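Structure at a glance
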Amino acid sequence: MTYSRENNFDLIRLVAAIQVMLFHGFTFFNMTNVSWGKDFQMFVYLLPGVPIFFTISGFLIYQSLERNRTRLKKYFVNRGLRIYPALYVCLAFTILLLLISGKIYWPLIFSKSFIGWLGAQLTFLQFLKIPAFESWGVGHPNGSLWSISVEVQFYLVLPLMVIFLLKEKTSLRTKNLILAAIVAISLAYNIWVKRTFPQDTPEFKLLSLFILEYLYFFCTGILIHLNFDFLKKYLVGKGWIWILIFVLFTAIFHSWLNLFENVYDASILGIIGEIILSLATISAAYSMPSLSKKLLNGNDLSYGIYIYHMPVFNYFYNQQPNITLQKFIVICAAIIFIAFLSWRVVEKNVLKLKTKIQL
């Protein structure tokens, strides 16, 4: 497979992160009371950012691991550097906001629940919440970090897939069949969880955070990577066509016929929508590939926006659940500025270590 080093992945991740931020903000601050609020909320709801993140991870992380099959230590170090340093700084920021809000006090600090919560935030169980913080904001200091738990699980599972199932000498046809089988298992698990357990039960909440629930998103990205030599004539330079196809598909089958919810829906139409969105994502990355560099100048703010937006929202929601559109815009601008600082001060400098650490 041949790829251009120039692409729009940073820009696409930024759009996805902003989508998540806007959807959470409009939902939690009840911004639907604005005249166009409900329509805008539905628009961002139908273009979910997390599946885009997962597809890009499948495409790029598999590509990286495929090139470095014998250097697993470097693979894990690189993944850790990308996720955890900025995440730990965000954790400190979140704790500071909790302190300012009076939600952390001395007896709590030494309690088992707080120590367990802190340990969960430092590993890959970021979805864990404790009663002490349920009255702060929407009830979870940083609820959007559930996807970090899923992402880390993917990082752990992918080397096992590469070593035992997607071996270097395995034919492309066999790899495609193996991944198709994994996709089928993932979808079957997804359907089983949703049909077996009510959404408000602990069993549903725990099982829905297992990698198998979302593995088909990642595998779609891997399949596009594996078959890119064939697909590139349909994808490269055709981003707007695929985006239009996704918009028309969603408009017809969701908005008009009401036959599926969105691409999280593990139905035939939901799966088709997810495939179209994945193809549109990769196509956009290689259409006008210099656009990301021109607009962002090498700055990658997506991760910062994603991990910081909920603690900031919770802090302001704790003060005033309903806010004006103007104040919401100011809060979002502040989040983007924090993300910029996170990139320039923490993430960018940490990522330089990738080339310095010899393994």
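Preceding block: the structure.
Notes on the structure follow. Keep in mind that what you see is a predicted model, and the values were worked out from it rather than measured.

Secondary structure assignment for the chain yields 17 helices and 0 strands. In terms of overall dimensions, the chain is globule-like: its C-alpha atoms have a radius of gyration of 21 Å, near the 21 Å expected for 359 residues. For the chain, the C-alpha atoms occupy an extent of roughly 60 × 55 × 50 Å along the three principal directions. Residues counted as buried form 51% of the 359 residues belonging to the chain. For the chain, restricting intrachain contacts to residue pairs at least 6 apart in sequence, the fraction spanning at least 24 positions comes to 78%. Total accessible area on the chain stands at roughly 17,500 Å², and carbon and sulfur atoms take up 68% of it. Considering the chain, the positive charge centre built from 31 side chains and the negative charge centre built from 16 side chains are found 10 Å apart.

Okay, the environment of P51 next. By secondary structure assignment, the location of P51 is in helix α3 (residues 49–67). Those residues in contact with P51 that lie beyond four places of it in its chain are F217, V263 and Y264.

Any two side chains of opposite charge can pair, so long as their charged atoms come close to each other. Applying the stated criterion across every chain, the model contains 5 salt bridges. Between E347 and R82 there is a salt bridge whose closest N-O contact spans 3.1 Å. Taken together, the residues E347 in helix α16 (residues 325–351) and R82 in helix α4 (residues 72–100) connect sequence positions 265 residues apart. For the pair shown, E347 and R82 are each scored as buried. Overlapping salt bridges, with partners in common, bring together D10, R13, R82, D300 and E347 in one network.

All right, on to unusual backbone geometry then. The backbone of N258 shows a phi angle near 55°, a positive value even though the residue is not glycine. Within the element layout of this structure, N258 appears in the loop between α12 (239–256) and α13 (268–285). The phi dihedral of M288 falls on the positive side, at around 45°, and the residue is not glycine. Among the structural elements, M288 can be located in the loop between α13 and α14 (291–296). The class for M288 is partly exposed, based on a relative accessible area of 48%.

Next up on the list: the nonpolar core. Core analysis: the biggest nonpolar cluster contains 98 residues, and F154, L158, I307, F313 and F328 have the highest contact counts within it. Excluding anything up to four places from it in sequence, I307 contacts A86, L87, C90, N142 and L145. Counting 12 residues, the second largest nonpolar core, distinct from the first, contains L91, I130, W136 and Y315.

Let's shift gears to a positive patch on the surface. There is a patch of like positive charges on the surface, built from R344, K348, K352 and K356. Structurally, K348 can be placed in helix α16. Given the relative accessible area of 32%, K348 is considered partly exposed.

The next subject is helix α1 (residues 9–28). In this model α1 runs 28 Å from its N-terminal to its C-terminal C-alpha over 20 residues, within 8% of the 28 Å that 1.5 Å per residue would give. Of all 20 residues in α1, 14 are buried, a share of seventy percent or more.

Take the packing of aromatic side chains next. Tallied over the entire structure, the rule returns 37 aromatic pairs. When the ring of F29 is compared with that of Y317, the centres are 6.1 Å apart and the planes differ by 55°; the resulting orientation is tilted. Of this pair, F29 sits in the loop between α1 and α2 (37–45) while Y317 is found in helix α15 (residues 302–319), placing the two residues 288 residues apart along the sequence. The buried category is assigned to F29, whose relative accessible area is 1%. Taken together, a centroid distance of 6.3 Å and an interplanar angle of 50° make the contact between F54 and F217 tilted. One end of the pair, F54, is in helix α3; the other, F217, is in helix α10 (residues 215–226), and 163 residues separate them in sequence. Each residue in the set F54, W146, F154, Y155, Y214, Y216, F217, F218 and Y264 is aromatic and connected to the rest through ring pairs, giving one cluster. Over the ring of Y155 we find R79, and its NZ or CZ is 5.7 Å from the ring centre.

Its 18 residues place the ends of α13 26 Å apart at the C-alpha level, agreeing with the 26 Å of an ideal helix rising 1.5 Å per residue. Judged by how many residues are buried, α13 sits mostly within the fold: 14 of 18 residues are covered.

What follows is about the environment of S144. Along the polypeptide, S144 turns up in the loop between α6 (112–122) and α7 (146–165). Between the C-alpha atoms of S144 and M21, which are 123 residues apart in sequence, the distance is 9.4 Å. Excluding residues that lie within four positions of it along the chain, S144 makes contacts with H24, Y306, H309 and M310.

The next subject is the packing of α1 against α2. Where α1 meets α2, the closest approach of the two axes is 9 Å, and the angle between their N-to-C directions is 140°. The interaxial crossing formed by α1 with α2 has left-handed handedness. Packed against α1, whose contacting residues are Q19, L22, F23, F26 and T27, the element α2 presents G37, F40, Q41, V44 and Y45 at the interface. Of the residues that constitute the contact of α1 with α2, the class distribution is 6 nonpolar, 4 polar and no charged.

So, about the environment of E261. As for its position among the elements, E261 is in the loop between α12 and α13. Distance from E261 to P51, taken between C-alpha atoms, is 14 Å for residues 210 residues apart in sequence. Apart from residues no more than four positions distant in its own chain, E261 is found in contact with Y45, L46 and H254. In terms of polar contacts, E261 uses its side chain to reach the side chain of Y45, at 2.9 Å.

Rules of the game
Residues numbered from 1 in each chain as written. Predicted model: local features only at pLDDT ≥ 70, side-chain atom pairs only at ≥ 80, totals over all residues. Heavy atoms only, no water. Helix = DSSP H or I, 4+ residues; strand = E, 2+ residues; numbered from the N terminus. Rg over C-alpha atoms; globule rule 2.2 N^0.38 Å. Buried < 20%, exposed > 50% of the residue type's maximum accessible area, 1.4 Å probe, protein only. Contact = heavy atoms within 4.5 Å. Areas by Shrake-Rupley, 256 points an atom, 1.4 Å probe, with all protein chains shown as cover. Lys, Arg positive; Asp, Glu negative; His and termini not counted. Charge placed at Lys NZ, Arg CZ, Asp CG, Glu CD. Salt bridge = Lys/Arg side-chain N within 4 Å of Asp/Glu carboxyl O. Core = buried A, V, L, I, M, F, W, Y, C linked by side-chain atoms within 4.5 Å. Patch = residues over 30% accessible without salt bridge, like charges linked within 9 Å, V, L, I, M, F, W, Y side chains within 5 Å. Expected span 1.5 Å × (residues − 1). Phe/Tyr/Trp six-rings, centres within 6.5 Å; stacked < 30°, edge-to-face > 60°. Lys NZ or Arg CZ within 6 Å of the ring centre and 35° of its normal. Axes fitted to C-alpha atoms, helices over the stretch in contact; angles between N-to-C directions. Left-handed = near helix turned anticlockwise from the far one by under 90°. Nonpolar A, V, L, I, M, F, W, Y, C, P; charged D, E, K, R; others polar. Polar contact = N/O pair within 3.5 Å; in protein donor to acceptor, adjacent residues only side chain to side chain.

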